[in-house]
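Now for the letters of each chain:
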Amino acid sequence: MNGVHDLGGTDGLGPVVVEENEPVWHAEWEKAGFGMFPFPFAAGWFNVDMFRYGIEQMHPAHYLLSPYYEHWAHTAEHYGIKAGAFDLEDLEKRTRHYLENPNEPLPDTKNPDLVAFADAAVKHGVSARRESDAQPRFKVGDRVRVRTDSPKDHTRCARYIRGKTGTVEMAHGTFVYPDSVGNGRGDDPQHVYTVRFDGTDLWGESAAEPNTTVYFDVWEPYIQPAES
Amino acid sequence: MTKSETSPSPTATVPRSEAEIAARVKALESILIEKGLMTTEAVDRFAEIYENEVGPQLGAGVVAKAWTDPDFKARLIEDGTKACAEMGIGGLQGEDMVVVENTDTVHNVIVCTLCSCYPWPTLGLPPNWYKQPAYRSRMVREPRTVLRESFDLDVPDSVEIRVWDSSSEMRYWVLPQRPAGTDGMSEKELAALVTRDSMIGVGRPKSP
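Residues numbered from 1 in each chain as written. Chains lettered and ligands numbered in written order. Predicted model: local features only at pLDDT ≥ 70, side-chain atom pairs only at ≥ 80, totals over all residues.

**Let's talk about the overall build of chain A**
Thinking step 1. Helix and strand content of chain A: 9 helices and 5 strands.
Thinking step 2. Expressed as lengths along the three principal axes of its C-alpha atoms, the size of chain A is roughly 65 × 45 × 35 Å.
Thinking step 3. In chain A, buried positions account for 38% of the 228 residues.
Thinking step 4. Summarising the internal contacts of chain A: among those between residues at least 6 apart in sequence, 67% fall at separations of at least 24. (Helix = DSSP H or I, 4+ residues; strand = E, 2+ residues; numbered from the N terminus. Buried ≥ 20, exposed ≤ 12 C-beta atoms within 10 Å, placed from the backbone. Contact = placed C-beta atoms within 7 Å.)

Now the structure itself:
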């Protein structure tokens, strides 16, 4: 979707503000926000691409003005409601309760399997690689142009590379295809390539900074031979 | 009543205060706990791993080894995932890692314009600025300006800046150049010079 999350090349967002000696967590709630990725994932509420798509559907003003881990809680909320695990009314009732009783402890249930899952998830990860018999249509060195399609749902084809021409620099093999798996339509594995774009081809001679290039990963359906 | 009176605008209740966010996350957490999908103990464990165990010290160890062992460095550039696995490093958000090397003519820097992809196994969780709209929007368009203004890093125009936009599940990170005056230093001493920022590409390693 052509959402505000697709930030590459957007102007006017101000300086990059660097916090000295930044802690890993800025508030206790951030830890639970961070947990909104692995645990609902394990419960089958979403895959990684759907997780991103839930964030992308936040209202643009909310997206830009909210702290990072609120995005994670938002997407878990989005899919939890979709899965019928709870409804918004229940969540808001509980929210009002905890707003009035911020120090009330959460239920202290124990489940060693969930702790073990946390350790295993960190150690092994979740690979997005998938076997496929499909032969790659492109090879390193090929000149390619990015298609100009603007899907209304999840994609990783950022707007700033659409229609641009670049050179294939690496071929990585086959991975789940976000435009399918992120929209709940199955893995549909596709070849992934790294494409190199010259800054001048992205931003024009007058606006590009000298001697800069951008390397962007594309799935095969995003690109076509540059000559066609 | 008109529609606008019955259904509030989608932005009527945002942005939320810190207290409102904390309460809403806690409410959601309480639901997940009741459903048996989460426990506070498991959340704390997951958070603690990135607070105390997985962080940029791991990437620094990899860099120091690459600086002192040319064969390892060749393997690291060839297949970052496999070379890191030799040191027991890998896993979540680094299932497929590519290490890109800075040279006298190339300076690399990473970004994720679409979300906040970052190589957790070697760098830990990203700092806030990496996830914020300003960095994500500007790094692909004006890397020289961002590096100079926000990170005090001047890269001469004669050096190509390569910006790696982490749009797929490949996780890129930077092998910085070994600082001058470090001949004879041990791997451990060298690792102490390697900063997180130097592996993102917004800084250089410390000088001895």
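Now that the structure has been shown, we can carry on.
**Considering the interface of chain A and chain B**
Thinking step 1. Taken residue by residue, the interface counts 82 residues in chain A and 76 residues in chain B.
Thinking step 2. Elements supplying a minimum of two residues to the side of chain A that touches chain B: α1 (28-35), α2 (38-42), α4 (60-65), α5 (68-82), α6 (88-100), α7 (112-124), β2 (165-175) and β4 (212-219) of chain A.
Thinking step 3. Take the side of chain A that touches chain B: its biggest share by element is 7 residues, from α7 of chain A.
Thinking step 4. In the side of chain A that touches chain B, the residues fall into 47 nonpolar, 20 polar and 15 charged.
Thinking step 5. Two elements, β4 of chain A and strand β3 (residues 160-165) of chain B, share 5 bridges in a ladder whose sense is parallel. Among the inter-strand pairings, T212 of chain A is bridged to a residue of β3 of chain B, identified as I161 of chain B. (Nonpolar A, V, L, I, M, F, W, Y, C, P; charged D, E, K, R; others polar. Pairing = 2+ DSSP bridges.)

**Quick notes on the pairing of β3 of chain B**
Residue and element names in this part refer to chain B.
Thinking step 1. In terms of burial, β3 is a largely internal element, 5 of the 6 residues being buried.
Thinking step 2. Pairing geometry for strand β2 (residues 106-111) and β3, over 6 bridges, is parallel. Following the sheet pairing, H107 is matched in β3 by I161.

**As for the domain arrangement of chain A**
All names here are of chain A.
Thinking step 1. Here the domain parsing of chain A yields domain 1 (28-124) and domain 2 (143-225).
Thinking step 2. Its C-alpha centre places domain 1 at a distance of 30 Å from the equivalent point of domain 2.
Thinking step 3. Facing 6 residues of domain 1, the contacting portion of domain 2 comprises 5 residues. (Domains from an automatic or database assignment.)

**Focus on helix α2 (residues 18-34) of chain B**
Thinking step 1. With 17 residues, α2 of chain B should cover 24 Å at 1.5 Å per step; its first-to-last C-alpha distance of 24 Å lies within 8% of that length.
Thinking step 2. α2 of chain B sits mainly inside the fold: 12 of its 17 residues count as buried.
Thinking step 3. By the burial criterion, the buried members of α2 of chain B are I21, A22, A23, R24, V25, K26, A27, L28, E29, S30, L32 and I33 of chain B.
Thinking step 4. Summarising the contacts, the buried residues of α2 of chain B are in contact with α1, α2, α5 and α6 of chain A. (Expected span 1.5 Å × (residues − 1).)

**Looking at the sheet that holds strand β3 (residues 190-198) of chain A**
Thinking step 1. Taken together, the 7 strands give an open sheet; going across it, the order is β5(A)-β1(A)-β2(A)-β3(A)-β4(A)-β3(B)-β2(B), and neighbouring strands pair in mixed fashion. Each edge of the open sheet is held by one strand with a lone partner, namely β5 (223-225) of chain A together with β2 of chain B. The sheet shows a mean angle of 35° between the axes of neighbouring strands, direction not considered.
Thinking step 2. In the packing of helix α10 (residues 143-151) of chain B onto the sheet, contacts are made with β4 of chain A together with β2 and β3 of chain B, and the angle to β3 of chain B comes to roughly 95°. (Axes fitted to C-alpha atoms, helices over the stretch in contact; angles between N-to-C directions.)

**Concerning the packing of α1 of chain A against helix α3 (residues 40-53) of chain B**
Thinking step 1. With their axes 9 Å apart at the nearest point, α1 of chain A and α3 of chain B run at an angle of 95° to one another. What the angle tells us is that α1 of chain A and α3 of chain B run roughly perpendicular. Taking contact as the criterion, the partners of K31, A32, F34 and G35 of chain A in α1 of chain A are, on α3 of chain B, V43, D44, F46 and A47 of chain B.
Thinking step 2. Here the contact of α1 of chain A with α3 of chain B is composed, by residue class, of 5 nonpolar, 1 polar and 2 charged. (Parallel < 35°, antiparallel > 145°, perpendicular 65-115°, else oblique.)

**Looking at the domain arrangement of chain B**
Thinking step 1. The domains assigned to chain B are domain 1 (13-51) and domain 2 (55-200).
Thinking step 2. A C-alpha centroid distance of 31 Å is found between domain 1 of chain B and domain 2 of chain B.

**Regarding unusual backbone geometry**
All names here are of chain B.
Thinking step 1. The peptide bond linking V14 to P15 adopts the cis configuration, its omega dihedral lying at -5°.
Thinking step 2. Here P15 shows up in the loop between α1 (3-6) and α2.
Thinking step 3. The backbone of Q93 sits at a positive phi, close to 65°, despite the residue not being glycine.
Thinking step 4. Mapped onto the elements of the fold, Q93 is located in the loop between α6 (80-86) and β1 (96-101).
Thinking step 5. Overall, Q93 belongs to the buried group, with 23 C-beta atoms counted inside 10 Å.
Thinking step 6. Look at D152: it is not a glycine, yet its phi comes out positive at around 55°.
Thinking step 7. Within the element layout of this structure, D152 appears in the loop between α10 and β3.
Thinking step 8. According to the C-beta neighbour criterion, D152 is exposed, with 10 such atoms within 10 Å.

**Describing the environment of L76 of chain B**
Residues and elements named next belong to chain B.
Thinking step 1. Structurally, L76 is set in helix α5 (residues 70-78).
Thinking step 2. A count of 25 C-beta atoms within 10 Å places L76 in the buried class.
Thinking step 3. Taking the C-alpha atoms as reference, L76 lies 13 Å from A60; in sequence the two are 16 residues apart.
Thinking step 4. Residue contacts for L76: discarding those within four places in its chain leaves V62, A66, A83, V99 and L175.

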